[in-house]
Amino acid sequence: MYRTHLCNQLRKSDISRTVTLSGWVNSRRDHGGVIFIDLRDREGLTQVVFRPEEHPQVAEASHALRGEDVIQVTGTVTARLAGTENPKLATGDIEVIAGELTLLNKADVPPFPLDDPSVNEDLRLQYRYLDLRTLRMQKNLRLRHRVTKAARDYMDSQGFLEIETPILSNPTPEGARDFLVPSRLSPGAFYALPQAPQQYKQLLQVAGLDKYFQIARCFRDEDLRADRQFEFTQIDIEMSFVTQEDIYSMAEGLMQALFAAGIEADITLPFPRITYADAMNRYGSDKPDTRFDMELVDLAGIFRESNFKVFRSVADSGGAIKAINAKASASLLSKEQLKKWEDWVKTEFGAKGLAYIKWSAGGEWESPIVKFFSETEKAAIAQKMDFAEGDVLFFGADKWQSVCDVLGRVRLRCADLLKLTANSSALNFLWVVDFPMFSWNPEENRWDAMHHPFTRPRDEDLHLLESGDFGKIRAQAYDIVLNGVELSSGSIRIHERELQAKIFKALGIGPEEQQIKFGHLLRAFSYGAPPHGGMAPGLDRIVMLMCGTDNIRDVIAFPKNNRGADLMTHSPVEVDFKQLRDLYLQSTAKKP
Ligand code: ASP
């Protein structure tokens, strides 16, 4: 037997017992020839003392121990000397006097000090199994386990069945690039890894399974970011005979259960709701962070008659003129910084510029554009924007979407600068509803599905499908947003063959392509498909927010780095010619 107790278990009541512990040498101190060790396992630490007067050979052997050696110790639980107790440690009242020591595995010196958070992430990813030994990562993975379990328990309690769906599957459009797997048995053909189990979960509704969920791995070949990995996990959900309201209450209950299990938070239900149009107009984002105001204010009315040509022409052509007031930020934003912000919106978001008015305390309005404004316009701006000494106003004048996007980003950057959410423990959940069904793709000159093509338009907008007014069609689609992060997307689906075909057609997918790519779904819909809908909360992001990190890699045991590489196993790797030949493939990659 390797152990009688775990390293966080022993207390005063165990004094005089003979115990056996196994674990890692967390730290080692030599007090004049007496070796003290903190022995560590997943549960905690226990102090072990090697005393030469009682067990000379064992004490002698303990001198060779080093950090991360794996050992087994048998000894007697003893009270720590008065004054040397450690109240911070669960086992801080006792120590184990070692009578036997077995070195189970000698460790090399680790490539980095395990508990030093400043260690470069690539190095930690290269030795991920060491990084995972740290308290921080163990805490995160435990929290993830609790949340995953709570998800299963909650879904089960609501009558959902957990059903697995294939990983080798057909492409299903969720707006990303597919990962493809070549087929050996069907030369030249490919499977796609699921971007989401979207079609399968809908087919399970056609199959009459009624309430489905799955802790589902999804794969999307997109550029990686701090909160995005190629493979990620969703709590994938689909239900039959439901309205949006049914899904809202199910999902709110799920979030409540998850946040209670993960961080003992008691979240308030129901979540407030905001339409996509309002979210964009007021916050410049479809995932607004509502922990602070700084709302976008519409100024088009002020500039309808303006002599300032730039704004006037935008107002005349039906574009948007909006501004935000970054209260009390003038002292934090020098002219040089404002220039940098302008360069940032130009390069990152293709904005034409970033006009501002800065009003330093005791100073004048400083601005590249204010000389073009009339006194009436200035007064109107000051009044509408609640502009005061110490504030900076930022303006956007362009197409509506672009103004919202840019000012939305500037708003977040101002909040960062002003530390508006630092140390905030607020959990601002929000439903964003009534998303547009389609978005225009100017590069490819066609309409894209804003969510995915299986999303159901709002009934009152269906007639717009006939008139071709696609931009105005709203979808029965909804997101859950928390503190500016999109946690979940979903929609009521189309369950009728004809309507689904119409949507495909609107997306430029003709009858032949429909048959090839989605024939199975259209056919299924013609055999009695129930009305259905669902959603898919992102497990990684939920856990990430609970752990208080903005790095998704902190909550995934073996993530890829931001260049898509697994630094520990060195994947992706080149494969040899024969393996490629079996798959009827030949690489066209040029060696650098
Ligand atoms: N399949 C969707 C997604 O992954 C979610 C859903 O509509 O249920 O975003």
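> Quick question: what am I supposed to make of the site of the ligand here?
Close to the ligand lie 14 residues, the nearest being E174, Q198, K201, H451 and R493. Here an oxygen atom of the ligand and a side-chain polar atom of R493 are 2.7 Å apart. Where the shell around the ligand is concerned, the elements lending two or more residues are α5 (198–206), β21 (485–492) and β22 (532–537). Its residues assigned to classes, the shell around the ligand shows three nonpolar, seven polar and four charged.

> Hey, could you run me through the sheet that holds strand β13 (residues 320–326) in this one?
In a beta sheet, neighbouring strands pair by backbone hydrogen bonds and run either parallel or antiparallel. Taken in spatial order, the five strands line up as β12-β13-β16-β14-β15 in an open sheet, and their pairing is antiparallel. If you trace the sheet from one side to the other, it starts and ends with β12 (297–298) and β15 (365–366), each paired once. When strand β14 (residues 355–359) meets strand β16 (residues 392–398), the two strands line up antiparallel, connected through four bridges. Within the sheet, the bridge partner assigned to Y356 lies in β16 and is F394.

> I would appreciate a short explanation of the environment of Y200 in the present structure.
Residue placement: Y200 occurs in helix α5. A C-alpha to C-alpha distance of 36 Å links Y200 and F349, two positions 149 residues apart in sequence.

> Would you explain the packing of helix α4 (residues 135–157) against helix α15 (residues 539–546) in this entry?
When two helices pack together, their arrangement is captured by the angle between the axes and the distance separating the axes. The geometry of α4 relative to α15 is characterised by a closest axis approach of 10 Å and an angle of 125° between their N-to-C directions. Classified by the angle their axes make, α4 and α15 are oblique. The hand of the α4/α15 crossing is right-handed. Here N140, L143, R144, V147 and T148 of α4 lie close against α15, whose contacting residues are L539, D540, V543 and M546.

> Just checking my understanding: could you explain the pattern of salt bridges for this structure?
Two side chains bearing opposite charge may form a pair once their charged atoms approach each other closely. With the rule as written, the count across this model stands at 46 salt bridges. Here R133 ties to E68 by a salt bridge, and the two come within 2.7 Å at their closest N and O atoms. With a gap of 65 residues between them, R133 in the loop between α3 (128–131) and α4 and E68 in the loop between α1 (56–62) and β4 (70–79) connect regions that are remote in the sequence. Classification of R133 as partly exposed rests on a relative accessible area of 22%. Under the relative-accessibility criterion, E68 is labelled buried at 6%. Here K201 makes a salt bridge to E238, at a shortest N to O gap of 3.5 Å. Taken together, the residues span a long stretch of sequence, with K201 in helix α5 and E238 in strand β10 (residues 231–240) at a distance of 37 residues.

Reading the values: rules and limits
Residues numbered from 1 in each chain as written. Predicted model: local features only at pLDDT ≥ 70, side-chain atom pairs only at ≥ 80, totals over all residues. Heavy atoms only, no water. Near = heavy atom within 4 Å. Polar contact = N/O pair within 3.5 Å; in protein donor to acceptor, adjacent residues only side chain to side chain. Helix = DSSP H or I, 4+ residues; strand = E, 2+ residues; numbered from the N terminus. Nonpolar A, V, L, I, M, F, W, Y, C, P; charged D, E, K, R; others polar. Pairing = 2+ DSSP bridges. Axes fitted to C-alpha atoms, helices over the stretch in contact; angles between N-to-C directions. Parallel < 35°, antiparallel > 145°, perpendicular 65-115°, else oblique. Left-handed = near helix turned anticlockwise from the far one by under 90°. Contact = heavy atoms within 4.5 Å. Salt bridge = Lys/Arg side-chain N within 4 Å of Asp/Glu carboxyl O. Buried < 20%, exposed > 50% of the residue type's maximum accessible area, 1.4 Å probe, protein only.

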